[in-house]
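# Structure at a glance
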Amino acid sequence: GSEMCIRDRTDPTSTWDKEWINKGWIMRYSYVDSNGSTVYANYLNPGIAEVSEHVLGVATEIVDGYDIDGLIIDDYFYPNGIPRNSTAADYTTYTSSGTDMSLEDWRRDNVNRMVASIYNMIQQHKPDVRFGIGPPGVAGASASTLGFPAVPSGVTADDWQYNGQFTDPLQWLKSGTIDFISPQIYWTRNHSTAPFGPLTDWWSRCAAQVNRHHYASHTISAFSSANTESNWSERVEQIKLNRQYTRNNAPGFCLFLSLI
């Protein structure tokens, strides 16, 4: 996996961190969590060309140097909640870019071009390697679905990634710059706003429409505190739904466990 976020720390101290800070590559974003503590997120700025080249270089080193079957990127691109005005850490980068796009569209375009660069590199170096991304599990609610099926009526959760993390996974599918999508559908089947079943069905339909694979990402984090029969049953039933709704013979799924 790979991500744009370095870590949640007030003062990054590693040699690489200091080098990137000195180059002006780092966007810092802080917020107060539910416990009243200030959390600091340090992100590489996707709007800087050298940053995109660096990320591409890391991906190239992995693809060329190791006998891998696939490469997946996690869901960190812009810090969720970063301001959309002149107070944003990347506002100067935006205004000096010469773009006529809005700040929001410019951010999404930065991500789209970075994703495409990695995909194109893999096609040139090792086309048998499969490249994918694991975005948040809800998409398509904040903008056009780009010709894909409408978001299921039972899904009313906020699509925070489009205007929060500034990513548009439907655009990656439409552009063909990923081989698979592995959305983090970390909710139960009876979730009130983001039920697992309708979401995995919808993602499967979207991926199949453009001849791509959908590997649902399931969470098993509940087992860290409650290794119960109901938790096991929920995950088994989710996997059954993943197989039932697939449009490409259920090639697989991902299991996620957070130990933090």
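Above this text you will find the structure in question.
Residues numbered from 1 in each chain as written. Predicted model: local features only at pLDDT ≥ 70, side-chain atom pairs only at ≥ 80, totals over all residues. Heavy atoms only, no water.

### Topic: the overall build of the protein
The number of helices and strands found in the protein is eight helices and nine strands. For the protein, the C-alpha radius of gyration of 19 Å lies close to 18 Å, the compact-globule estimate for 260 residues. In terms of principal-axis extent, the alpha carbons of the protein reach across some 50 × 50 × 35 Å. Expressed as a percentage of the 260 residues in the protein, the buried residues total 46%. Long-range pairs, those at least 24 residues apart, make up 70% of the contacts in the protein with a sequence separation of at least 6. About 13,000 Å² of surface is accessible on the protein, with carbon and sulfur atoms providing 47% of the total. If you average the places of the 19 positive and of the 28 negative side-chain charges in the protein, the two averages end up 3 Å apart. (Helix = DSSP H or I, 4+ residues; strand = E, 2+ residues; numbered from the N terminus. Rg over C-alpha atoms; globule rule 2.2 N^0.38 Å. Buried < 20%, exposed > 50% of the residue type's maximum accessible area, 1.4 Å probe, protein only. Contact = heavy atoms within 4.5 Å. Areas by Shrake-Rupley, 256 points an atom, 1.4 Å probe, with all protein chains shown as cover. Lys, Arg positive; Asp, Glu negative; His and termini not counted. Charge placed at Lys NZ, Arg CZ, Asp CG, Glu CD.)

### A word on the packing of helix α2 (residues 49-65) against helix α4 (residues 103-125)
Running from N to C, α2 and α4 cross one another at 30°; their axes reach a closest spacing of 10 Å. One way to sum up the angle between α2 and α4 is to call them roughly parallel. The interaxial crossing formed by α2 with α4 has right-handed handedness. Of the residues in α4, those in contact with Ser52, Val55, Leu56, Ala59, Thr60, Val63 and Asp64 of α2 are Met114, Ser117, Ile118, Met121, Ile122 and His125. The residue makeup of the contact of α2 with α4, split by class, is eight nonpolar, four polar and one charged. (Axes fitted to C-alpha atoms, helices over the stretch in contact; angles between N-to-C directions. Parallel < 35°, antiparallel > 145°, perpendicular 65-115°, else oblique. Left-handed = near helix turned anticlockwise from the far one by under 90°. Nonpolar A, V, L, I, M, F, W, Y, C, P; charged D, E, K, R; others polar.)

### Some remarks on the nonpolar core
One finds Ile118 and Phe131 to be the most contacted residues of the largest nonpolar core, which totals 52 residues. Breaking this core down by element, the ones donating at least two residues are β2 (26-32), β3 (38-44), α2, β4 (70-73), α4, β5 (130-133), α6 (169-175) and α7 (196-209). If one sorts the elements of this core by residue count, α4 sits on top with nine residues. (Core = buried A, V, L, I, M, F, W, Y, C linked by side-chain atoms within 4.5 Å.)

### A short note on the sheet that holds strand β6 (residues 180-181)
Taken together, four strands build an open sheet; the order of strands is β4-β5-β6-β7 and the sheet is parallel. Lying at the two open borders of the sheet, with one neighbouring strand each, are β4 and β7 (213-214). Bridge count for β4 against β5 is four bridges, and the pairing is parallel. Counterpart to isoleucine 73 in the pairing with β5 is isoleucine 133. (Pairing = 2+ DSSP bridges.)

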